[in-house]
Amino acid sequence: MQLPEKGTGQGDTSSSMPREVESRELLGSSGQLIIHHEQRRYVLRRTKSGKLILNA
């Protein structure tokens with residue numbers, strides 16, 4: 001579930017407001033998300049205590 005940007009249309013990219021996304025939508029049932037950034041691989045994961053950790 002992606003929340004609309006505040007004060008703009010959902011598709012408006014000219015806004016300086018960041019997007020808001022629910023972590024459960026990104027992480028899914030596995031609790032992990034692989035992010036490729038500048039030729040590096042990162043793993044965003046949810047811990048058992050419900051916190052988020054980003055590792056390279």
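Residues numbered from 1 in each chain as written. Predicted model: local features only at pLDDT ≥ 70, side-chain atom pairs only at ≥ 80, totals over all residues. Heavy atoms only, no water.

## With respect to the overall build of the chain
Turning to step 1, where the next piece is worked out: Helices and strands together make up the secondary structure of the chain, namely one helix and five strands.
Turning to step 2, where the next piece is worked out: Beginning at the N terminus, the succession of helices and strands in the chain can be written as β-β-α-β-β-β.
Turning to step 3, where the next piece is worked out: Looking at the chain as a whole, 12% of its 56 residues are labelled buried.
Turning to step 4, where the next piece is worked out: If you take every contact in the chain between residues at least 6 apart in sequence, the share linking residues at least 24 apart comes to 4%.
Turning to step 5, where the next piece is worked out: Counting every atom, the chain has about 4,800 Å² of accessible surface; 49% of that belongs to carbon and sulfur. (Helix = DSSP H or I, 4+ residues; strand = E, 2+ residues; numbered from the N terminus. Buried < 20%, exposed > 50% of the residue type's maximum accessible area, 1.4 Å probe, protein only. Contact = heavy atoms within 4.5 Å. Areas by Shrake-Rupley, 256 points an atom, 1.4 Å probe, with all protein chains shown as cover.)

## Things to note about the pairing of strand β5 (residues 52–55)
Turning to step 1, where the next piece is worked out: Across four bridges, the pairing between strand β4 (residues 40–46) and β5 is antiparallel. Counted as the bridge partner of Val43 is Asn55 from β5.
Turning to step 2, where the next piece is worked out: Following β4, the chain reverses through five residues before pairing antiparallel with β5; Gly50 in that reversal takes a positive phi of roughly 90°. (Pairing = 2+ DSSP bridges.)

## Overview of unusual backbone geometry
Excluding glycine, residues mostly have negative phi values, and the peptide bonds linking residues are mostly trans.
Turning to step 1, where the next piece is worked out: The backbone of Glu38 shows a phi angle near 50°, a positive value even though the residue is not glycine.
Turning to step 2, where the next piece is worked out: Within the fold, Glu38 resides in the loop between β3 (32–37) and β4.
Turning to step 3, where the next piece is worked out: Positive phi values are uncommon outside glycine, yet Gln39 reaches one of about 60°.
Turning to step 4, where the next piece is worked out: You can see Gln39 is positioned in the loop between β3 and β4.

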